[in-house]
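This is what each chain is made of:
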Amino acid sequence: MYFHEGDLKGKGHCNNGWVIFDDYVLVLDANFPSGAQEIIPKIKAQTNKPIRFAFDTHHHGDHAYANQLWIDNGAIPVAHENVVAEMRKYETGLFGGKPGRWEGEAKQREDLRATRLKAPTLLYRDLMIFDDGKHRVELRYFGVGHTHGDGFAWLPNERILFTGDAAVNGPFNYMGDGDSAAWIDTLAKAGKVGATVVAAGHGPAGDARVLDAQRQYFVALRAEVEKRKGLSPDRVQADVPAMRDALLTRHATYIDTSSISGFASQVAQVYREMTGNEFPKKAGMESARQSHDRHHGIPATQ
Ligand SMILES: [Zn+2]
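A. Structural detail: the pairing of strand 5 (residues 76-80). Of all five residues in strand 5, four are buried, a share of seventy percent or more. Pairing between strand 4 (residues 51-55) and strand 5: three bridges, direction parallel. Each residue of the ladder has a partner; that of Phe-53, found in strand 5, is Ile-76.

So this is what it looks like as structure tokens:
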């Protein structure tokens, strides 16, 4: 199993993994096309076995938009079936509707314009197993979290869990497409597999504590919002800096101190989940998503 930390700041790339089986290679996460182009030569330098499968951990651009490129290289994109459902919701252009997220992102990214969006076509519901007798990868599903289609790759022999963005190791959480309460449960279930290495969707690989640290952060974030859920949206919004300060001491890994907008959009999301109410100025969830997808590298305009 190989783990490759993507260039998030500069190019918006996710982390990748790949596993060299007896007869083929399974790639973990498709990445953006420019990210796939970075790792394909690295895989080919290690093995001449064909790349047969590319696993999209979820539908986001930095994890799935290179599907076409993997197909061009002989691989089939694989995902939990909800990834396709999520694409039907957000990638309306792909399914004959109005332009969706891909078309929006393509305006900013040349690597997208040079290719096209493809949905995964090999789908699983609860479990898919790749096993050649020496290496085993189980594609798992633990419920709603970062999105409704978060797939995990579990390598029981090595006790490595590849999480996609269901777990990140740094201030990279985007919460707009999932559900924070369900996410807490999903992380607890993922924790039960007993991983000793957690290869997160963004940030360096870590140990089992990554899952728990992220879960604890969401528990604490929800508790801060819970205390204020009877207040008006503008009062809660005004409290965002105070909430950040309250969480910073114990959950610094997950809080971006360079800009309040990412944290503010997380608070807005939890408040929306708890009350159905929106912050007065739409709290930049769309721009948070775009920066999650496109990346922390492009100078912030918000
Ligand atoms: Zn994501």
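Okay, back to it.
B. Structural context of the packing of aromatic side chains. Inspection of every chain in the model, using the stated rule, returns 13 aromatic pairs. Aromatic pair Phe-55 and Tyr-124: ring centres 6.4 Å apart, planes at 50°, arrangement tilted. Remark: Tyr-124 occurs in strand 6 (residues 122-124) and Phe-55 occurs in strand 4; sequence separation between them is 69 residues. Each member of the pair, Phe-55 as well as Tyr-124, is classed as buried. An aromatic cluster of three or more residues is present, and its members are Phe-21, Tyr-24, Phe-53 and Phe-130.

C. Structural context of helix 5 (residues 81-90). Val-83, Val-84, Glu-86, Met-87 and Tyr-90 are the residues of helix 5 that are buried. Looking down the long axis of helix 5, one finds its buried residues gathered within 160° of arc, a one-sided arrangement. Among the exposed residues of helix 5, those pointing more than 90 degrees away from its buried face are Arg-88 and Lys-89. Among the structural elements, helix 3 (61-64), helix 4 (67-72), strand 5, helix 6 (101-106) and strand 6 are those in contact with the buried residues of helix 5.

D. Summary view of the side chain of Asn-173. Mapping Asn-173 onto the fold places it in the loop between strand 10 (160-164) and helix 8 (180-191). Here Gln-214 takes part through its side chain, which lies 3.0 Å from a polar atom of the side chain of Asn-173. For Asn-173, the residues in contact, after removing those within four places along its chain, are Asp-165, Val-168, Trp-183, Gln-214, Tyr-217, Phe-218, Tyr-254 and Gln-266.

Conventions and cut-offs
Residues numbered from 1 in each chain as written. Predicted model: local features only at pLDDT ≥ 70, side-chain atom pairs only at ≥ 80, totals over all residues. Heavy atoms only, no water. Buried < 20%, exposed > 50% of the residue type's maximum accessible area, 1.4 Å probe, protein only. Helix = DSSP H or I, 4+ residues; strand = E, 2+ residues; numbered from the N terminus. Pairing = 2+ DSSP bridges. Phe/Tyr/Trp six-rings, centres within 6.5 Å; stacked < 30°, edge-to-face > 60°. Arc of directions from axis to C-beta. Contact = heavy atoms within 4.5 Å. Polar contact = N/O pair within 3.5 Å; in protein donor to acceptor, adjacent residues only side chain to side chain.

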